[in-house]
Every structure is written in C-alpha cells, then in structure tokens.
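Letter by letter, the chains look like this.
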Amino acid sequence: MTVLAITEHRRGEVRDVSYELVTAGRELADDLGTDLELAVIGGDVEGFAEDVNRDGVDTIYTVDEGEEFNHGVYTQAIEQLATEVEPTALLMPNSVNGLDYAPSVAEQLDLPLVTDVIDFETNGNLEVTREQYGGKVETTYDIDADDYALTIRPAEWPKAEAAGDAAIEAFDVDIDEDALGTTVNGFEEVGGGDVDITEADVLVSIGRGIDEEENLPLVEELADTLGATLSSSRPIVDNGWLPKNRQVGQSGKVVTPDVYIAIGISGAVQHVAGMKGADTIVAINTDPNAPIYDIADYGIVDDLFEVVPELIEEFGGEAPNI
Ligand SMILES: Cc1cc2nc3c(=O)[nH]c(=O)nc-3n(C[C@H](O)[C@H](O)[C@H](O)COP(=O)(O)OP(=O)(O)OC[C@H]3O[C@@H](n4cnc5c(N)ncnc54)[C@H](O)[C@@H]3O)c2cc1C
C-alpha cells in the first residue's frame, strides 16, 4: 500500500503543483498509514528528483524517457510504474498535462477517478471534495473502492518546502513506440509570449470597470510602477484586449501572488476561483456591495480613474493622460 504522486515540469523547471502534491500526498499517506512515493518522468530526471526531494517523501522513481511532455509516454510509464508499486492512491496534477493523461491512466488501471479535488478526508472510505456548477457548490464524494486516482487542483495545498531524504530509484519502462500515436518535437508557448501570471508575486488585475481598451495604459503604468504583472478578468480577454494567458479564474489561471490588486472587478465566483489563494487582496471598485469585497483584505470604494493615477504618483510613476 502506498500513495504515488506524479510530478510535473515544464521548460526545465519543476512546477509548483509538484510541491503541492507532496503536501497533499503526505497528508493522505499519513491518514492511510502508508509511504509517499513520487514519479519524475522525462527531462532532467535526476535534477528534478533532487528538487522534489522534500520532507515526507519516501521514494522518488525517475523515468528517463523523453524531454518534453508526451501523452503516450506518460500514460505508459505511469501504468507500468503503478502496476509495479500498486498504489492505493494515485495522485496527479489537475493541470493541462495531468488532465491529458489522468483519464487514460485511470481507465488502463481500472481505477475510479475524481478530478479537480480541493480536499479529502479518510473516514473509513476516502471522501473527496470538488466544486460544481462553476464553483457555486462543493460536493463530497464517498469513494467506494480500495484503490483510486485523483487529480489535485493547483494552489489548494501549500508547497512542501523542507528538504527530505527520499530514496531515489531509476525505473525502467518499456515504451511501445507504435502505440504512442504522437511525436513531440518541442515546446512552444501559445500567445502572449513569456509572461506567466502564476509565477508573479504582485498582480495588478483589471476588469470590465476599465471600460475601454484605450484606458488599459493606465493600469499598465500602475503595474510597471509597482514592478507587478498585469492580469485580468475574463471579459477583458473575451474582448481581445489582453491575451488568454493573462486571464485569472476558473477558465483562466489559478494564481497565488503575495498581493492581488483587483481593479474594476466585481468578484464573480468564476473569477474568485482563480485568485482567492492570494495572500493579500486589494479591491478598487465603485460598488461597495461588489462581491470582491467579501474576500478583499483592503478596499477602496471609488472610481478607478481617480484612484489609479493617485496610486501611480504615490509610488513614483507618472500617470498617462487618457
Ligand atoms: C463557465 C464560465 C467560466 C468563466 N470563467 C471565468 C474566468 O476564468 N475568469 C473570470 O474573470 N470570469 C470568468 N467567467 C465570467 C464571470 O462569470 C464574470 O462574468 C466575470 O468574472 C466578470 O468580470 P468583471 O468582474 O471584470 O466584470 P463585471 O462583473 O462587469 O464587473 C465590473 C466591476 O467594475 C466595477 N466598476 C465599473 N466602473 C468602475 C470604475 N470606474 N471604477 C471602479 N470600479 C468600477 C463595477 O462596480 C463592477 O463591480 C466565467 C463564466 C462562466 C459561465
């Protein structure tokens, strides 16, 4: 009996969700009284294994197959590893990659799969919680099976920080090239260049309150002045004013900055789903009853076109004339 968690890397770096999987995996392993084992697949497996060697991990399996993510390689590797170690719980990230291979792996291993898990509890059987109806309700599922697969929502568990002393073992897989179906030639970021809002410490986020695309330089200047990154709610992206990789929320990105400044954003559940993990939330909104104020630590109930220029000047910048 063990808990096996599949780590994730991109462009040569272990992604934060891998460290969150260590925390979630250790929690579950403690509840079940089992070991926590990790798998690192592809790329610089030795380097990645060192990175994810955090306190609470018992064994890290390195699978030296390929440089970039490949659905077929991951599916076959996880299937063979899981067949060998027989995990009670197979944990995977609820990321673009994780959602690509998790259903296939679960099907191959004949495991029940619950995706986008935000909490779990062992109570005889395992009970897992996920959101439904666009985050409006939380549902708890009782898993009536001995072994199961879960995908864990990023940013729901804290990252494991302390160094560990896990055993690192190379695991050889036998990849059936004919069954791969795809060849990965490299990694190309789609639209919006190199900005990754999930890595930003401070986000200046703009919503429909900005009114016109021509007004965007105002918030861009605030972001520049603060050394922050610009993000947005969905309508800004839907209007084509900012690229999709800037969108925060349920159908955008989940962010966990130190400071999130929500400007002209109402705080719809689908938006909040992406930013409620920020340490400090500052809202600027003319409507004192806007839902964003339910989760904001600081609020300025005023017109953004009055407040933002003052903030820019307060922090040493120069507000553009718009
Ligand atoms: C399946 C689904 C997925 C979705 N995914 C996402 C998602 O990932 N991310 C997301 O953001 N949304 C998402 N949405 C949309 C979401 O429901 C909301 O429509 C959206 O978040 C609203 O964006 P907003 O807050 O910018 O606009 P609004 O709700 O229109 O709010 C604008 C706010 O600006 C304020 N305001 C107006 N003028 C000013 C001013 N001059 N100064 C200060 N404040 C002002 C208003 O008081 C208001 O509160 C999704 C919806 C669905 C159905």
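Parameters and conventions
- Residues numbered from 1 in each chain as written.
- Predicted model: local features only at pLDDT ≥ 70, side-chain atom pairs only at ≥ 80, totals over all residues.
- Heavy atoms only, no water.
- Buried < 20%, exposed > 50% of the residue type's maximum accessible area, 1.4 Å probe, protein only.
- Helix = DSSP H or I, 4+ residues; strand = E, 2+ residues; numbered from the N terminus.
- Pairing = 2+ DSSP bridges.
- Right-handed = clockwise from strand over helix to strand, strands pointing away.
- Near = heavy atom within 4 Å.
- Polar contact = N/O pair within 3.5 Å; in protein donor to acceptor, adjacent residues only side chain to side chain.
- Areas by Shrake-Rupley, 256 points an atom, 1.4 Å probe, with all protein chains shown as cover.
- Nonpolar A, V, L, I, M, F, W, Y, C, P; charged D, E, K, R; others polar.
- Expected span 1.5 Å × (residues − 1).
- Bend = angle between axes of the 7 residues up to and from the residue.
- Contact = heavy atoms within 4.5 Å.

Draft legend 1. Quick peek at the pairing of strand 13 (residues 202–206). In terms of burial, strand 13 is a largely internal element, four of the five residues being buried. Here five bridges tie strand 13 to strand 15 (residues 259–263), and the two strands are oriented parallel to one another. Looking at strand 15, one finds that Ile206 is bridged to Ile263. In terms of strand pairing, strand 13 meets strand 14 (residues 229–232) through four bridges, oriented parallel. Paired with Val204 across the strands is Leu230, a residue of strand 14. With respect to chirality, the unit in which strand 13 leads through helix 5 (residues 216–226) into the neighbouring parallel strand 14 is right-handed.

Draft legend 2. View of the site of the ligand. Surveying the vicinity of the ligand reveals 25 residues, the closest of which are Arg208, Ser233, Ser251, Ser266 and Asn285. Here an oxygen atom of the ligand and a side-chain polar atom of Gln247 are 2.8 Å apart. If the ligand stood free it would expose 980 Å²; the protein chains cover 73% of that surface. Residue classes in the shell around the ligand are distributed as six nonpolar, 14 polar and five charged.

Draft legend 3. Region of the structure containing helix 4 (residues 96–109). When the terminal C-alpha atoms of helix 4 are compared, their 21 Å separation across 14 residues agrees well with the 20 Å that a helix rising 1.5 Å per residue should span. The largest bend in helix 4 is about 30°, located at Ala102, with the proline Pro103 one to four residues further on. Buried residues of helix 4: Asn97, Gly98, Tyr101, Ala102, Val105 and Ala106, and no others. Where the residues of helix 4 are buried, they touch strand 1 (2–6), helix 3 (71–85), strand 6 (89–93), strand 7 (113–117) and strand 11 (148–152). Of the residues one or two after helix 4, Asp110 is the one with positive phi, at around 60°.

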